[in-house]
Amino acid sequence: MALSACQGIQSALDPAGHQSGRIAGLWWLFLAVLAAIYALVLVLLLIAAFRSRRRRSLPPGPAFRPEEPTERRLTRGLTAWAVGTAAIVLTLTGFSYAVDRDILALGHRAELTIEVTAKQWWWQVKYDDPVPNRSFETANEIRLPVGVPVRVVLKSQDVIHSFWVPNLHGKTDLIPGRVNETVIVADREGRYRGQCAEFCGFQHANMALDVVAMPREQFDAWRESQLAPASAPSDDRSREGQRVFLTSACVMCHTVRGTTAASRVGPDLTHVAARPSLAAGTLPYSKGNLAGWIADPQRIKPGSQMPVVDLSADQLQSVLAYLDGLK
């Protein structure tokens, strides 16, 4: 049970990247050194307590004045303790500095740039490219190739947030009006959970994102699929759903590339059905959860900016058929 938190998709003690590995190594070093010091202090405290009990049995007499040899031993002991403490602190500071330098050095080798904008309460993710028409947006999901350093440019639209993927790196704040950067690199394939680590409002706990590390060829294929516009409706129900979507309040907030929906208030829905979750990790993606989210978002995530759209039952089913086909 004590080691149950040392692994999993959101554990800083289960490193899956270079930076997280160095941070975890530093943490274990600090833990070992400080645990040893703590144990030593407890032993000395017990010795002092035992000696104190023995002295209580001595007959009353003049105030205790240590003999000269005892005084010298105490002075030498305290001096050695102070020097040892300073040496330990300086050594740990040196290790921490070396880890920081090593982590920051990765910034010069970044091969991919992702821009992440935090909002209450979801993540807007943009994949930049020197060729403008090869840039695209997604939401609440980051995919990256294994072994490739990725520069993450961090911004905030409203309040202070904090970007944290424990398996891959430490925390970096996102501050309105300021641009921060971090670099992450995944050493192994897998799905990891990111989280806002700075209290940002009522739904702070429901502001997660999925980070998926995959082989380079799979990442390139995924990127090409994301560059494609939304799939055209394949049946009458989906075509009706597209019509309802484009003539309702949905287009006031969302983008679906390849259609007239082009708002940037809410998440880009071009490939929404291919994402693992809804509402920034609040619900796993399924058609049923999508229906509940559209029908009554404030019940699922109170305070979110997703409004209730007045759709009839038949219209809701049509919109569901359309959105579930956006993969």
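Going by the structure above, here's the rest.
Residues numbered from 1 in each chain as written. Predicted model: local features only at pLDDT ≥ 70, side-chain atom pairs only at ≥ 80, totals over all residues. Heavy atoms only, no water.

Attention now moves to helix α2 (residues 68–105). Its 38 residues give α2 an end-to-end C-alpha distance of 55 Å, which sits within 8% of 56 Å, the value for a rise of 1.5 Å per residue. Those residues of α2 that fall on the buried side of the exposure criterion are Leu92, Val99 and Ile103. (Helix = DSSP H or I, 4+ residues; strand = E, 2+ residues; numbered from the N terminus. Expected span 1.5 Å × (residues − 1). Buried < 20%, exposed > 50% of the residue type's maximum accessible area, 1.4 Å probe, protein only.)

What follows covers the environment of valine 308. In this fold, valine 308 is placed in the loop between α6 (297–300) and α7 (313–323). In this structure valine 308 touches Ala295, Asp296 and Pro297, once residues within four positions along its chain are discounted. (Contact = heavy atoms within 4.5 Å.)

This structure, assessed with the given rule, holds 16 salt bridges. Taking the shortest distance from any N to any O, the salt bridge between arginine 216 and aspartate 220 comes out at 3.3 Å. Here aspartate 220 and arginine 216 lie together in helix α3 (residues 216–227), a separation of four residues that amounts to about one turn. (Salt bridge = Lys/Arg side-chain N within 4 Å of Asp/Glu carboxyl O.)

The next point concerns the sheet that holds strand β8 (residues 180–184). Here five strands make up an open sheet; going across it, the order is β3-β2-β1-β5-β8 and the pairing mixed. At either end of the open sheet lies a strand with only one pairing partner, and these are β3 (136–139) and β8. Ignoring strand direction, the axes of neighbouring strands in this sheet form an average angle of 25 degrees. Two strands pair when backbone bridges link them, and strand β1 (residues 112–119) and strand β2 (residues 122–127) are joined in this way by six bridges, in the antiparallel orientation. Across the sheet, residue lysine 119 finds its bridge partner in β2, namely tryptophan 122. Each of β1, β2 and β3 touches α3; the most contacted strand, β3, lies at about 100 degrees to it. (Pairing = 2+ DSSP bridges. Axes fitted to C-alpha atoms, helices over the stretch in contact; angles between N-to-C directions.)

A large share of strand β10 (residues 208–214) lies buried, amounting to seven of its seven residues. Of the two faces of β10, both are covered, the one formed by Ala208, Asp210, Val212 and Met214 as well as the one formed by Leu209, Val211 and Ala213. Where strand β4 (residues 141–145) meets β10, five bridges bridge the pair, whose relative direction is parallel. In the sheet register, arginine 143 faces β10, and the bridge partner there is valine 212. Sheet topology places strand β9 (residues 190–196) next to β10; six bridges connect them, and they run antiparallel. Its bridge partner being in β10, glycine 190 is matched across the sheet by alanine 213.

What follows concerns the side chain of histidine 161. The residue histidine 161 is located in strand β6 (residues 161–164) in this model. A distance of 2.8 Å separates a polar atom in the side chain of histidine 161 from a polar atom in the side chain of aspartate 158. (Polar contact = N/O pair within 3.5 Å; in protein donor to acceptor, adjacent residues only side chain to side chain.)

Turning next to the environment of glycine 177. With respect to the element layout, glycine 177 can be found in the loop between β7 (172–174) and β8. When the C-alpha positions of glycine 177 and leucine 283 are compared, they lie 31 Å apart, and in sequence the two are 106 residues distant.

Quick look at unusual backbone geometry now. A cis amide bond links glutamine 120 to the next residue, tryptophan 121, at an omega of 0 degrees. Its place among the elements puts tryptophan 121 in the loop between β1 and β2. Even without a glycine there, the phi angle at asparagine 140 is positive, about 60 degrees. Position of asparagine 140 among the secondary structure elements: in the loop between β3 and β4. Its relative accessible area of 9% is what places asparagine 140 among the buried residues. The backbone of alanine 280 shows a phi angle near 60 degrees, a positive value even though the residue is not glycine. Within the secondary structure, alanine 280 is located in the loop between β11 (277–278) and β12 (283–284). Accessibility expressed as a relative area gives 1% for alanine 280, which makes it buried.

Scope: geometric values only; no functional claims are made or implied.
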